[in-house]
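Remarks on the overall topology
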Amino acid sequence: MTAVQRLLCAASSGGAATVARRRMTALAPEQTPLAAAFPFVVAERAKRRPAEERNVQWVFLGCPGVGKGTYASRLSRLLGVPHIATGDLVRDELSSSGPLAVQLAEIVNQGKLVSDEIIINLLSKRLKKGNEQGESGFILDGFPRTVKQAEILDGVTDIDMVVNLKLREDVLVEKCLGRRICNQCGKNFNLACIDVKGENGLPPIYMAPLLPPNSCMSKLITRADDTEEAVRNRLQIYNDLSQPVEGFYRHQGKLLEFDLPGGIPESWPKLLHVLNLEDQEEMKLATA
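Definitions and limits used
- Residues numbered from 1 in each chain as written.
- Predicted model: local features only at pLDDT ≥ 70, side-chain atom pairs only at ≥ 80, totals over all residues.
- Heavy atoms only, no water.
- Helix = DSSP H or I, 4+ residues; strand = E, 2+ residues; numbered from the N terminus.
- Buried < 20%, exposed > 50% of the residue type's maximum accessible area, 1.4 Å probe, protein only.
- Contact = heavy atoms within 4.5 Å.
- Areas by Shrake-Rupley, 256 points an atom, 1.4 Å probe, with all protein chains shown as cover.
- Phe/Tyr/Trp six-rings, centres within 6.5 Å; stacked < 30°, edge-to-face > 60°.
- Lys NZ or Arg CZ within 6 Å of the ring centre and 35° of its normal.
- Pairing = 2+ DSSP bridges.
- Axes fitted to C-alpha atoms, helices over the stretch in contact; angles between N-to-C directions.
- Parallel < 35°, antiparallel > 145°, perpendicular 65-115°, else oblique.
- Left-handed = near helix turned anticlockwise from the far one by under 90°.
- Nonpolar A, V, L, I, M, F, W, Y, C, P; charged D, E, K, R; others polar.
- Core = buried A, V, L, I, M, F, W, Y, C linked by side-chain atoms within 4.5 Å.

A word on the overall build of the protein
In terms of regular secondary structure, the protein is built from 14 helices and ten strands. Across the 288 residues in the protein, those meeting the buried criterion constitute 44%. Summarising the internal contacts of the protein: among those between residues at least 6 apart in sequence, 71% fall at separations of at least 24. Accessible surface for the protein amounts to roughly 15,400 Å². Of this, 54% is attributable to carbon and sulfur atoms.

What about the packing of aromatic side chains?
Across all of its chains, the model carries one aromatic pair by this definition. Consider the rings of Phe248 and Tyr249, whose centres lie 5.1 Å apart with planes at 90°: the pair is edge-to-face. The buried category is assigned to Phe248, whose relative accessible area is 17%. Its end group placed over the ring of Trp268, Arg74 keeps NZ or CZ at 5.2 Å from the ring centre.

Considerations on the sheet that holds strand E6 (residues 188-190)
With respect to topology, three strands assemble into an open sheet ordered E6-E5-E9, the strand pairing being antiparallel. Lying at the two open borders of the sheet, with one neighbouring strand each, are E6 and strand E9 (220-221). Note that strand E5 (residues 179-182) and E9 share two bridges and pair antiparallel. Looking at the pairing, Ile181 lines up with Ile221 of E9.

Re the packing of helix H10 (residues 169-177) against helix H12 (residues 228-252)
Axis separation between H10 and H12 bottoms out at 10 Å; the angle between their running directions is 130°. Taken together, the axes of H10 and H12 lie oblique to each other. The hand of the H10/H12 crossing is right-handed. Contacts from Glu169, Leu172, Val173, Cys176 and Leu177 of H10 reach H12 at Glu228, Val231, Arg232, Leu235 and Asn239. Partitioning the contact of H10 with H12 into residue classes produces six nonpolar, one polar and three charged.

Re the pairing of strand E3 (residues 138-141)
Judged by which residues are buried, E3 turns out to be covered on both faces: Phe138 and Leu140 on one side and Ile139 and Asp141 on the other are all buried. Pairing geometry for strand E1 (residues 57-62) and E3, over four bridges, is parallel. Bridge pairing in E3 places Gln57 opposite Phe138. The sheet contact formed by strand E2 (residues 83-85) and E3 spans three bridges and is parallel. In the strand pairing of E3, Ile84 is matched with Leu140.

Remarks on the nonpolar core
Judged by nonpolar contacts, the single largest core of 62 residues is most densely connected at Trp58, Leu75 and Leu275. Beyond its immediate chain neighbours, meaning those up to four positions away, Leu75 contacts Trp58, Phe60, Gly80, Ile139, Trp268, Leu271, Leu272, Leu275 and Leu277.

Such coordinate-based values are descriptive only and should not be taken to indicate function.
Listed below in structure tokens is the structure:
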């Protein structure tokens, strides 16, 4: 039996798995008038599949640099569901020849925020395409970012659980300042070796650097907005917007808060534990 099947069936056997199942099957909220304002949303409502007939539909929230993409993509491979990041949807549309590409290019070039209607439209199209191709379930990365977006999303699909990744701000800043990108292969690395001692009731945190291969070392570049002032500003903006979103999903009984205890080696097993999942490949390596 797959990890997903174990997770979805665990309610019948009780224990910690029951708690996870309850989170995933929290009652969906009533449809909002806001969602009905978007024509493509109304059409999606009748197509919803019951949770027992599909895979998980999860959202990952968290501050910039916390590692949403890293953990969401790992779970995507483990559970066999697509990892959907709205930033990727915008970039894909920009590279296309569709009618929306010109409008998006103007918005991005002017440094403006992409509207809720455009983002939800792109997401709705992506979910529809996936459904037509036989996809079942998904993990959304970093969306929704506002309560308005969360309300509209409820009109498009049913969210089972929202995983909110959390990390201390001083660690987040250090992590963001260590980010590097290879200007040849485009891969992301991190030069920061974070070793914070436990104090004032906070636990110690260690995160090893994610170093590039020798072929990339001389080609590393830093994002222009990865300065301490810019990073702290992004974190403040995110925190201001995220608190109402967290409250929105907490009220629905769908929010799972997860404090990252360290880097991937420390955090991944613990995240799997709270999700009542197992990584068979990592278990094989650990016992080899």
